[in-house]
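Remarks on the overall topology
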Amino acid sequence: MAKRMILGVFEAGTQQVGGTTSWAHPKSQNGDYRDIEYWIGMARMLDDAGFDLLFFAGGSFGYASLKGELSDVLVREGMMFGLDGSYIIPALAAATSRLGFVVTTTTGSDHPLHTVRKYSTLDHVTKGRIGWNIVTGASQNTMAKMLGQTEMVPHDKRYEAAAEYVEVALKFWEGGNDDDAVVLDRATGVFADPQKIHPVVHEGEYYRSNGYHTQPPSPQRSPVLFQAGTSAAGRAFAARHAEAVFVQGTTYEQTAANVADIRRRAAEEGRDPADLKLIVGVTVITAPTSAEAHRLRAEFEALQSDELAAHYYSGNTGLNLLEYDFDRPLKDQLPDDGLAGQMGVSNIERFYTRPDGSAPTVREILDDLKGKGTRGFAITGDPVEVADELERMIDLTDLDGFMLEAVFNTASMRDVIDLVLPELRRRGRLDPAPEGTTLRERLIGKGPHLAAEHHGADLRPEFSAST
Ligand SMILES: Cc1cc2nc3c(=O)[nH]c(=O)nc-3n(C[C@H](O)[C@H](O)[C@H](O)COP(=O)(O)O)c2cc1C
């Protein structure tokens, strides 16, 4: 049977998505992103069309830079700006009825309790439609500077601290109180039952906490746990903690290998690998005819430049592509300065090899980035061509769905909704989501709470005795 595709939209709370620019194109309303009506219109459109979720990247304080220096090119394009999706979501939840929301918060810049309170609040006000995209943070060099830290925390150490950050958060969400803690009994004057509120104690290497969760239990208790970052450390982290993973792909082979590796590691953690939902970013440019779609794509590409692509890419990797020999593969020229990989591995490794085994040159990488930035796959074509390719991608990689990375934001979403979704629906790829009103039920279909096999579930019973 054809697998149902999870449908999401990737946004970043700003006018651009994934390091490309399009706000100046006549089809784009991206520049309106500071207006809440812009987001409400988008959320209503996605809700009506049956999308599962609207995802907000971000969460890092840092800005993309060339070795720590703010680039004029990124300022000119407005790429150093972005709103915090967390504050937009309540308005969108009030304007929609089914759409889920995922918002990124980086670990490591604050105490986990800030995240605990934020997502418990969001879970209440969205009525259980919230997810947390856990990242260890892009642009770590500038983020460290802004937070007054003397140096950037090394890559794998960030993941180690992130695991403890999540553990603390789960102790509060899963163990801090019982589902039926709130009684609201007017006759006896009892609002909440003291027996059902439990102390939370954590003494770890990176974090300490001792107290109580000062929010009542929310519909999902823990937000749906998303994760992004597919380095080896990232995959291990995903397999243990995540319920959904946002992956970016360059080739189907490499993506299939990452998907298989994450599922295998999840099984080793005692989890059902099918419960992990793997979702890839996809740029879709479509129009009633293939020729029109390709014309739109050419117009989009004409707005990009080597300079912009390189500066943005540097924020994710610490590498300045403009410094290398354009005619040789990047892989052969990587500096040994310890910075490559410390800022993020996935966006370097994705350009190591092509399906035929050859390595792309720096020129070819820049061309790829100009076409789609640090987004995932890109498909251009008429609705049938796009639907064919999306099906092929899901079937070849064992992915569970895709996150639309729109080039002209709402206008591109409209094109996909009007042209491609009817085609996918005809093919049985958009069958109704599983029953339930929470995001977790909608994505995983096994109830509103973390699965019993997830280590977070162990924090529920006898919690007050654990540390
Ligand atoms: C697909 C993907 C999405 C990401 N989204 C964000 C994000 O929204 N906010 C952020 O601060 N960092 C984001 N990052 C960056 C990671 O937090 C950072 O690069 C970290 O080092 C983990 O990536 P790695 O496992 O690829 O090394 C993303 C990375 C990837 C690969």
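Here we summarise the structure given alongside this text. Remember, predicted model here, so these are calculated numbers, not experimental data.

A short note on the side chain of arginine 221
Along the chain, arginine 221 falls in the loop between β8 (208-211) and β9 (224-228). Residues within four places of arginine 221 in sequence aside, it is in contact with Asp123, Trp173, Glu174, Asn177, Asp178, Asp179 and His449.

Looking at the pairing of strand β3 (residues 100-106)
Successive side chains on a regular strand alternate, one facing one side of the sheet and the next facing the other. The element β3 is largely enclosed, with a buried count of seven among its seven residues. Across the two faces of β3 the burial is the same, with Gly100, Val102, Thr104 and Thr106 and Phe101, Val103 and Thr105 all buried. Of the pairings in the sheet, the one linking strand β2 (residues 53-56) to β3 comprises four bridges and is parallel in character. From the neighbouring strand, phenylalanine 56 faces β3, where its bridge partner is valine 103. Two elements, β3 and strand β4 (residues 130-135), share six bridges in a ladder whose sense is parallel. Each residue of the ladder has a partner; that of valine 102, found in β4, is glycine 131.

Observations concerning the packing of helix α1 (residues 36-49) against helix α14 (residues 409-426)
Where α1 contacts α14, the axes come no closer than 11 Å and their chain directions differ by 0°. One way to sum up the angle between α1 and α14 is to call them roughly parallel. For the pair α1 and α14, contact is made by Tyr38, Met42, Met45, Leu46 and Ala49 and by Asn409, Thr410, Met413, Arg414, Ile417, Leu421 and Arg425, respectively. Its residues placed into classes, the contact of α1 with α14 shows eight nonpolar, two polar and two charged.

A few points about the site of the ligand
What surrounds the ligand is a group of 21 residues, the closest being Gly58, His155, Tyr159, Ser231 and Ser346. Here an oxygen atom of the ligand and a side-chain polar atom of tyrosine 159 are 2.7 Å apart. In the environment of the ligand, an oxygen atom lies 3.5 Å from a nitrogen or oxygen atom belonging to the backbone of threonine 230. If the ligand stood free it would expose 600 Å²; the protein chains cover 93% of that surface. At three residues, helix α6 (residues 155-175) tops the list of elements feeding residues into the shell around the ligand.

Concerning the packing of aromatic side chains
For the coordinates displayed, the defined rule picks out 15 aromatic pairs. Look at phenylalanine 55 and phenylalanine 226: their rings are 6.3 Å apart centre to centre, the planes differ by 55°, and that puts the pair in the tilted class. One end of the pair, phenylalanine 55, is in strand β2; the other, phenylalanine 226, is in strand β9, with 171 residues separating them in the sequence. Each of the two residues, phenylalanine 55 as well as phenylalanine 226, counts as buried. Relative to tryptophan 132, the ring of tyrosine 119 has its centre 5.7 Å away and its plane inclined at 35°; by these criteria the two rings are tilted. Here tyrosine 119, found in helix α4 (residues 112-125), pairs with tryptophan 132, found in strand β4; they are 13 residues apart in sequence, far enough to count as distant. By relative accessible area, which is 0% here, tryptophan 132 ends up buried. Ring pairing ties together the aromatic residues Tyr119, Trp132, Tyr165, Trp173 and Tyr207, which thus form one cluster. The aromatic ring of tyrosine 352 is capped on one face by lysine 331, whose charged end is 5.3 Å from the ring centroid.

Cut-off values and rules
Residues numbered from 1 in each chain as written. Predicted model: local features only at pLDDT ≥ 70, side-chain atom pairs only at ≥ 80, totals over all residues. Heavy atoms only, no water. Helix = DSSP H or I, 4+ residues; strand = E, 2+ residues; numbered from the N terminus. Contact = heavy atoms within 4.5 Å. Buried < 20%, exposed > 50% of the residue type's maximum accessible area, 1.4 Å probe, protein only. Pairing = 2+ DSSP bridges. Axes fitted to C-alpha atoms, helices over the stretch in contact; angles between N-to-C directions. Parallel < 35°, antiparallel > 145°, perpendicular 65-115°, else oblique. Nonpolar A, V, L, I, M, F, W, Y, C, P; charged D, E, K, R; others polar. Near = heavy atom within 4 Å. Polar contact = N/O pair within 3.5 Å; in protein donor to acceptor, adjacent residues only side chain to side chain. Areas by Shrake-Rupley, 256 points an atom, 1.4 Å probe, with all protein chains shown as cover. Phe/Tyr/Trp six-rings, centres within 6.5 Å; stacked < 30°, edge-to-face > 60°. Lys NZ or Arg CZ within 6 Å of the ring centre and 35° of its normal.

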